[in-house]
Amino acid sequence: MAGTEPFLADGNQELFPCEVCGRRFAADVLERHGPICRKLFNKKHKPFNSLKQRLQGTDILTVRKTTHSQHQPVRKSNWRQQHEDFINAIRSAKQCTLAIKEGQPLPPPPPPSINPDYIQCPYCMRRFNETAATRHINFCKDQSSRKVFDPAQTAAKLASRAQGRAQVSPKKE
Ligand SMILES: [Zn+2]
Ligand SMILES: [Zn+2]
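Residues numbered from 1 in each chain as written. Chains lettered and ligands numbered in written order. Predicted model: local features only at pLDDT ≥ 70, side-chain atom pairs only at ≥ 80, totals over all residues. Heavy atoms only, no water.

- The protein has the name Zinc finger C2HC-type containing 1B in an unreviewed UniProt entry, where Marmota marmota marmota is given as its organism.

Have a look at this one:
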C-alpha cells in the first residue's frame, strides 16, 4: 500500500475538461479517457447514419434487380412454342376425325419428334427455326395475301365489271 496517490488526486492535481463529454479529469486520467470517450461518441452517432445509408442503398439495389429481371422475356418464346405445339396437336386431331367421318384417307401425321425450337408457319404448315420462321412467315403471309389478288381472279372481276357497265351505260346519247 503506497498510500500517496489518493491525496494527490483529490486536491492538488489540476483537472482538464474532456473535449467530447466536458467532464473534468486529471491529466493522466484524461489521457486514457479521451480516446475511449471519443469512440463511445462515434458509436452513438456514426453507425446510425451509415446504417441508414446502407438500407437506402440496398433498397435501391433490390428494386432495380427485381424490375430488371421482370423485363427479360425469356419465358415468353417458350410459352409461345408450347402453345403452338398445343394448337398444332388439336388441329391435326381435328383433321383426323374429319377424315374418318368423311371416309377420306387420313392426313399425314405430324412429325413424331417435333423440335420445340421450331415454329410452324400458319400459312403453309412447314416448320422453321425461330430466325427462319419470322422471315418465312412474313414471306408466306405476303404470298397468301397476294393469292387474293390473283391475276386470273382480278381479270375475271374486271371483265364482269366491264360487262355491268356495258349493260347500264346507254342512257347517254
Ligand atoms: Zn469524455
Ligand atoms: Zn409458310
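### Examining the UniProt feature "domain: C2HC/C3H-type" (unreviewed entry) in the protein
Then, number 1: Within the UniProt annotation, "domain: C2HC/C3H-type" (unreviewed entry) is assigned to residues 14-43 and 117-146.
Then, number 2: With 57% helix and 20% strand, residues 117-146 has end C-alpha atoms that lie 29 Å from one another. (UniProt positions renumbered as here; feature names shortened; annotations may be inferred. Helix = DSSP H or I, 4+ residues; strand = E, 2+ residues; numbered from the N terminus.)

### Some points on the coordination of the zinc ion (ligand 2)
Then, number 1: The protein atoms donating to the zinc ion (ligand 2) are C121 (SG), C124 (SG), H136 (NE2) and C140 (SG), with metal-donor distances spanning 1.9 to 2.3 Å.
Then, number 2: Coordination geometry of the zinc ion (ligand 2): the 4 donor atoms subtend angles of 105 to 119° at the metal centre, consistent with an arrangement described as tetrahedral. (Donors = N, O, S within 2.8 Å, 3.2 Å for Na, K, Ca; no water. Tetrahedral: all angles 85-135°; square planar, octahedral: opposite > 155°, others 65-115°.)

### Considering the nonpolar core
Then, number 1: With 6 residues, the main nonpolar core is built from I119, C121, F128, A133, I137 and C140.
Then, number 2: In terms of residue count, helix α4 (residues 130-148) provides more of this core than any other element does, 3 residues in total.
Then, number 3: Each residue touching I119, except ones within four places of it in the same chain, is listed here: Q81, E84, R126, R127, F128, E130, A133 and I137. (Core = buried A, V, L, I, M, F, W, Y, C linked by side-chain atoms within 4.5 Å. Buried < 20%, exposed > 50% of the residue type's maximum accessible area, 1.4 Å probe, protein only. Contact = heavy atoms within 4.5 Å.)

### Considering the coordination of the zinc ion (ligand 1)
Then, number 1: At 1.8 to 2.4 Å from the zinc ion (ligand 1) lie its protein donor atoms, namely C18 (SG), C21 (SG), H33 (NE2) and C37 (SG).
Then, number 2: Considering all 4 donor atoms around the zinc ion (ligand 1), angles at the metal cover 103 to 118° and the coordination shape is tetrahedral.
Then, number 3: Sequence positions of the residues that donate to the zinc ion (ligand 1) give the spacing C-x2-C-x11-H-x3-C. Note that C21 is positioned in the loop between β1 (15-17) and β2 (24-26) and C37 in helix α2 (residues 27-70), a separation of 16 residues in sequence.
Then, number 4: Residue classification places C37 among the buried residues on the basis of a relative accessible area of 8%.

### A look at the pattern of salt bridges
Pairs may arise between side chains of opposite charge once their charged atoms sit close together.
Then, number 1: All chains considered together, the criterion is met by 1 salt bridge.
Then, number 2: The closest approach of N and O atoms between D85 and R127, which form a salt bridge, is 2.9 Å. Residue D85 is found in helix α3 (residues 74-101), and its partner R127 is found in strand β4 (residues 127-129); the two are separated by 42 residues along the sequence.
Then, number 3: A relative accessible area of 24% places D85 in the partly exposed class. (Salt bridge = Lys/Arg side-chain N within 4 Å of Asp/Glu carboxyl O.)

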